[in-house]
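# Topology and contacts: notes
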Amino acid sequence: MPKCIAPRQPGLEYYVEHYQSKGSPPASAPSSKDPGSSPSSVPHVDSALAMLSQPGSHLMLLTNSGNSTGELRLMTAALDQPEREWQLLYESPTGTTISDMDMFAEHCVLYERRHGRPAASIVSLKNDLLEEDEVDTEEDVADSSTSVPSLALGMPDGPVADGDVDTEEEVSESSTSVPSLALGMPDGFMCEATSTPTEGSVVSDRPVPGVTPLQLPAWATSVAPGLNGDPNATSVRLVLSSPIEPETHVDFRLDGDGVGELVHQDKLPDESPHSPDDYGIRHLHATSAYDDVEVPLTVVHPVHRVRGSPLLLTAYGAYGECLDPGMDASLLPLLGRGWTLAFAHVRGGGEGGRRWHLAATGANKCRSVDDLEGCLDFLLYEGYGDQGNIAVEGTSAGALVAAGLVMRRGQDLGAALLRTPFLDLLATTADPRAPLVAHEVSEWGDIAGDATCRRAATLLCPYQSALRMLEETKATEEPPPQLPPVLATVALDDDRVPSWAAGKFIGALQALERHSDLGMSRRLHLRGSSHCLLQRQSGGHFGHEQQYYKDRAEEYAFIIAACERSKKSKEEEKEKKQLKP
């Protein structure tokens, strides 16, 4: 018979798995608390383990109940009274967030974001952990000025440890090292290993008894659960990939002395002309153009990279979705031509958990563009790309962020690629029946009803920015700021983002081009505008799968040609300056 786990409450989220315990009853019965209690009042983890030690059925929940940060925690409840007994089993350390789980007979595998990157951990559900692990006493805690009250599974209270975080020197020596410094995420998204945590947080990078973080290869920029259908399996399967590594199935041991050890990895046929050894992956961080927040940046480049080679900068930053680049064969020709790929994990995405997403929503949506601008500055400063030889790319809501960068820093870009773009923020949200209005106020804000959100949306909207630029050009009779060639691709049957919005934006850019000396020279050279709208009759918001590589070939041909022209133009300008007396 169906049971209600918990009645609906604003802001309460929970995901449920069934767990069949085989343990023996504990000496004392566990205490219980209602869901929604504060973190400080949640029972200690030994009560949860004691509950799980009782033979029978239990519920395992990933929920944000009682967590002021909104992040998910692992809790357990009795199946016969699921609405009452929610008890904390594991809370992730500072700098780590949980997104999903897989249940096994005596283990729970958590899929996480650790320091902004995909990760996974094995949590043992055996009650004998409490007997094996030594827990510090309250007197020991009082002796340390950096101790932290812990709510995690078997986590002893004590001084903060430095952990195994790489130093900055190690980062500079290895193309796949993770920087030790915080990425400046709000409220401790990534904190230094020696910083003082907030009350109720758990020390990052410190070993937690009963919890085994999996050591994933540094090249794995995309991590997904495999087919883990057998609850009695002795290993967990993950699917790993990256822009230079195709999907690889790996198995990690669940039990025994070697828990967390790699026990199997698929051997891929060596048929591709592109060898992963020819490329490097660097996990870097840039500083946002708005504040001191540090933004994760994944860079893929040829091993023998030439300074200032062409670069494709990609961003999304919306709906709490993570930009985890996996294998995409359409990117290999770019890498083969010497291009560098950069993936900016800007605010608005989910790389840093719920607060990373919320930091760029509503009236603060412009933070996504601020972060992308900071990534552009970092890439230019570090020599990953040259001015005018960088293309920016965005899809759907990510195109709003990419187009925002075009309007701010067009002189530094060589091309822009906007797929099924969301570009006219004001007009699209004016109709309450439109797809991006009634159900998505939490993402974009109440633009129609809130004056603050409307002002912020007006400043952010790429189409409005183009109109303002055009009006200023006409009023001052001065040439407009330099903008790169822009390609916008749309599908006429897109039921999510109207295709006419992209047409209006491209039309405004073409009008600006007619007032620019550089734009006119481009028009004469190309026998038309350098800003193009590519319409497809069908395919919807995501395009036809059968046409995927054909579409990408057209798009990348555009940005390659545009960046080559931009580079040549800047070289000619440089030569002219040198020839002047």
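To be clear, the structure that these remarks concern was listed above.
For the structure given in this document, a descriptive report is provided here. As the structure is a computational prediction, the values presented were derived from the model and not from experiment.

Where helix α7 (residues 367–381) contacts helix α8 (residues 397–409), the axes come no closer than 9 Å and their chain directions differ by 60 degrees. Viewed along their axes, α7 and α8 adopt a mutual orientation that is oblique. Here the hand of the crossing between α7 and α8 comes out right-handed. Along the contact surface, α7 presents S368, V369, D370, L372, E373, L376, D377 and L380, while α8 presents V401, A402, G404, L405, R408 and R409.

The next point concerns the side chain of S465. Looking at the secondary structure, you find S465 in helix α12 (residues 462–476). Taking relative accessible area as the criterion, S465 reaches 12% and is therefore assigned buried. The contacts of S465, once residues within four sequence positions are left out, are M407, L459 and L460.

Counting residues in each nonpolar core, the largest one holds 59 residues, and the members touching the most others are L313, L372, L379, L418, F505 and L509. Discounting chain neighbours no more than four positions away, the residues touching L509 are M407, A466, L483, V486 and H531. V250, L254, L334 and A415 belong to the second-largest nonpolar core, a separate cluster that totals 39 residues.

On to unusual backbone geometry. With the exception of glycine, the majority of residues adopt a negative phi angle, and the majority of peptide bonds are in the trans configuration. Within the chain, Y319 stands out as a residue other than glycine whose phi angle is a positive 60 degrees. Take Y319: it is sitting in the loop between β15 (311–315) and α5 (332–336). By relative accessible area, Y319 is classed as partly exposed at 28%.

Let us now look at the pattern of salt bridges. The tally for this structure, following the rule as stated, stands at 19 salt bridges. Salt-bridge contacts for D370 lead to R408; the nearest nitrogen and oxygen are separated by 2.7 Å. Taken together, the residues span a long stretch of sequence, with D370 in helix α7 and R408 in helix α8 at a distance of 38 residues. Classification of D370 by relative accessible area gives buried; the value is 6%. Across the pair E393 and R419 runs a salt bridge, and its minimum N-O distance is 2.6 Å. You can see E393 sitting in strand β17 (residues 390–395) and its partner R419 sitting in strand β18 (residues 415–419), a full 26 residues away along the chain. The exposure class assigned to E393 is buried, which follows from its relative accessible area of 5%.

Rules and cut-offs
- Residues numbered from 1 in each chain as written.
- Predicted model: local features only at pLDDT ≥ 70, side-chain atom pairs only at ≥ 80, totals over all residues.
- Heavy atoms only, no water.
- Axes fitted to C-alpha atoms, helices over the stretch in contact; angles between N-to-C directions.
- Helix = DSSP H or I, 4+ residues; strand = E, 2+ residues; numbered from the N terminus.
- Parallel < 35°, antiparallel > 145°, perpendicular 65-115°, else oblique.
- Left-handed = near helix turned anticlockwise from the far one by under 90°.
- Contact = heavy atoms within 4.5 Å.
- Buried < 20%, exposed > 50% of the residue type's maximum accessible area, 1.4 Å probe, protein only.
- Core = buried A, V, L, I, M, F, W, Y, C linked by side-chain atoms within 4.5 Å.
- Salt bridge = Lys/Arg side-chain N within 4 Å of Asp/Glu carboxyl O.

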